[in-house]
Amino acid sequence: MTELAAYAGLFFSALVAATILPMQSEAVLVGLLLTTDYPPWALVGVASLGNVLGSVINWLLGRGIHRFRDRKWFPVKPAALARAESWYRRYGKWSLLLSWAPVIGDPLTVIAGALREPLPIFLILVTLAKVARYVVLAAVTLGLG
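Residues numbered from 1 in each chain as written. Predicted model: local features only at pLDDT ≥ 70, side-chain atom pairs only at ≥ 80, totals over all residues. Heavy atoms only, no water.

Caption draft 1: Quick look at helix α4 (residues 78-91). The terminal C-alpha atoms of α4, which comprises 14 residues, lie 20 Å apart, in line with the 20 Å expected from a rise of 1.5 Å per residue. The elements touched by buried residues of α4 are α5 (105-114). Remark: glycine 92 follows α4 within two positions and exhibits a positive phi of approximately 70 degrees. (Helix = DSSP H or I, 4+ residues; strand = E, 2+ residues; numbered from the N terminus. Expected span 1.5 Å × (residues − 1). Contact = heavy atoms within 4.5 Å.)

Listed below in structure tokens is the structure:
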């Protein structure tokens with residue numbers, strides 16, 4: 001595998017994994033870490049960049065979510081959307097530190113956009129969460145933890 005293909009594959013898997021589409025980036029990162037062909041800091045950086053960008057896509061989707069909430073095809077029931085918004089209002093921007101977590105992380109980033117969380121604050125908190133997750137995963141994989 002070429003170096004560019006490895007990094008591009010990791011970036012793409014991390015980006016898609018952070019959107020509302022189902023995909024896992026952890027297996028790709030672990031596989032590349034185990035080859036020892038690439039510097040761990042570069043792999044963590046590429047995965048983090050892709051994952052944060054995917055979360056920004058969710059934030060942007062959230063910004064426009066209210067335009068579509070009354071459409072028949074809209075996949076989220078109004079009551080579920082209201083509960084998610086209420087939860088986010090209760091715990092606020094700090095809940096974005098859970099944006100790395102399975103199941104709840106991606107919807108959190110969408111709701112943050114829907115509730116107009118300022119992008120700079122969103123980026124800081126989501127980046128902290130995503131980078132920390134990949135650093136821990138890399139450390140455990142390489143036996144540093």
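Next comes the rest of the description.
Caption draft 2: Spatial organisation of the nonpolar core. Counting residues in hydrophobic clusters, the biggest one holds 16 residues, and the most contacted among them are Ile65, Leu81, Tyr88, Leu96, Ala112, Phe122 and Val126. Of all the elements in the fold, those that place two or more residues in this core are α3 (40-63), α4, α5 and α6 (119-141). Leaving out residues up to four positions away in the same chain, alanine 112 has contacts with Trp59, Tyr88, Leu96, Glu117 and Phe122. In terms of nonpolar packing, the next biggest core, distinct from the first, is built from 15 residues, Leu10, Tyr38, Leu43 and Val46 among them. (Core = buried A, V, L, I, M, F, W, Y, C linked by side-chain atoms within 4.5 Å. Buried < 20%, exposed > 50% of the residue type's maximum accessible area, 1.4 Å probe, protein only.)

Caption draft 3: Representation of α6 in the model. Its 23 residues give α6 an end-to-end C-alpha distance of 32 Å, which sits within 8% of 33 Å, the value for a rise of 1.5 Å per residue. Turning to α6, its buried residues are Phe122, Leu125, Val126, Ala129, Lys130, Arg133, Tyr134 and Ala138. Phi turns positive one or two residues past the end of α6, at glycine 143, with a value near 75 degrees.

Caption draft 4: Quick peek at the environment of proline 102. Structurally, proline 102 can be placed in the loop between α4 and α5. By relative accessible area, which is 63% here, proline 102 ends up exposed. Sequence spacing of proline 102 and alanine 80 is 22 residues, and the spatial spacing of their C-alpha atoms is 18 Å.

Caption draft 5: Summary view of the side chain of asparagine 51. Looking at the element boundaries, asparagine 51 is found in helix α3. Within the structure, the side chain of asparagine 51 is placed 2.7 Å from the backbone oxygen of alanine 14, a separation counted as a polar contact. A distance of 2.5 Å separates a polar atom in the side chain of asparagine 51 from a polar atom in the side chain of arginine 133. If sequence neighbours within four positions are ignored, asparagine 51 has contacts with Ala14, Leu15, Ala17, Ala18, Ser25, Lys130, Arg133 and Tyr134. (Polar contact = N/O pair within 3.5 Å; in protein donor to acceptor, adjacent residues only side chain to side chain.)

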